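This is what each chain is made of:
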Amino acid sequence: MKYVLLVSHGEFAPGLRSAVCMLAGEDREDVLATSLKDGMGANEFAENVKELLKVVKEDDEIILFADLIGGSPLSTAANVIAELGLLSRTKMVGGMNLPLVITTVLSKDDDDTSSVLTEALEAAIGQLHEFKVEADDEDEDL
């Protein structure tokens with residue numbers, strides 16, 4: 001199985017998991033999430049990551065998404081993954097968003113992980129642009 005692990009500051013990762021489950025099927029066991037909450041220490045966060053990763057078996061893979069490159073959630077999760085001997089079966093991405101994660105979740109079992117991530121990153125980038133709505137100038141005459 002391929003697991004998608006979401007980590008972040010605040011409630012972003014659990015919130016993103018909730019949105020993914022809403023769109024891709026409720027309570028997906030293959031999408032895991034935890035967050036570094038305000039005032040939480042790195043050790044407690046690391047224990048949360050370890051607890052989530054207990055479901056990972058010998059042949060499983062992990063696709064780790066984090067809110068920021070260089071942030072504590074990503075670096076701590078990477079350290080835990082290394083300690084558990086899972087680094088060779090893990091791909092990591094910083095700067096997650098809903099299009100990136102939903103594309104990955106929906107296609108992760110259809111192709112090799114590197115190809116899935118390439119397509120998901122392209123889809124996510126394609127969703128980043130300014131959304132403009134033209135104002136109706138007729139209302140100004142009132």
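The structure presented is a predicted model; accordingly, all values stated were derived computationally and were not measured.

What about the nonpolar core?
Now for step 1: Counting residues in hydrophobic clusters, the biggest one holds 19 residues, and the most contacted among them are Leu5, Val7, Val49, Leu53, Ile62, Leu64 and Ile81.
Now for step 2: For this core, the secondary-structure elements that each account for two or more residues are strand S1 (2-9), strand S2 (31-36), helix H2 (42-52), strand S3 (61-66) and helix H3 (72-83).
Now for step 3: Of all the elements, H3 adds the most residues to this core, at four residues.
Now for step 4: Ignoring sequence-local partners within four residues, the contact set of Leu5 consists of Leu32, Val49, Leu52, Leu53, Ile62, Ile63, Leu64, Phe65 and Ile81.
Now for step 5: Counting residues in each nonpolar core, the second largest holds 18 residues, with Phe65, Val101, Val105 and Ala120 among its members.

Focus: the environment of Ile125
Now for step 1: Looking at the element boundaries, Ile125 is found in helix H5 (residues 113-126).
Now for step 2: Accessibility expressed as a relative area gives 60% for Ile125, which makes it exposed.

Examining the pattern of salt bridges
Now for step 1: The final tally for this structure, using the stated rule, is six salt bridges.
Now for step 2: Linking Arg28 and Asp30 is a salt bridge whose minimum nitrogen-to-oxygen distance equals 2.8 Å.
Now for step 3: Assessed through its relative accessible area of 8%, Asp30 is described here as buried.
Now for step 4: Close ionic contact of Glu83 with Lys50 constitutes a salt bridge, the shortest N to O distance being 3.6 Å. Note that Glu83 is positioned in helix H3 and Lys50 in helix H2, a separation of 33 residues in sequence.
Now for step 5: What makes Glu83 exposed here is its relative accessible area of 57%.
Now for step 6: You can call Lys50 partly exposed: its relative accessible area is 27%.
Now for step 7: Here the salt bridges share partners, and the residues they tie into one network are Arg28, Asp30, Lys108 and Asp109.

Criteria and cut-off values
Residues numbered from 1 in each chain as written. Predicted model: local features only at pLDDT ≥ 70, side-chain atom pairs only at ≥ 80, totals over all residues. Heavy atoms only, no water. Core = buried A, V, L, I, M, F, W, Y, C linked by side-chain atoms within 4.5 Å. Buried < 20%, exposed > 50% of the residue type's maximum accessible area, 1.4 Å probe, protein only. Helix = DSSP H or I, 4+ residues; strand = E, 2+ residues; numbered from the N terminus. Contact = heavy atoms within 4.5 Å. Salt bridge = Lys/Arg side-chain N within 4 Å of Asp/Glu carboxyl O.

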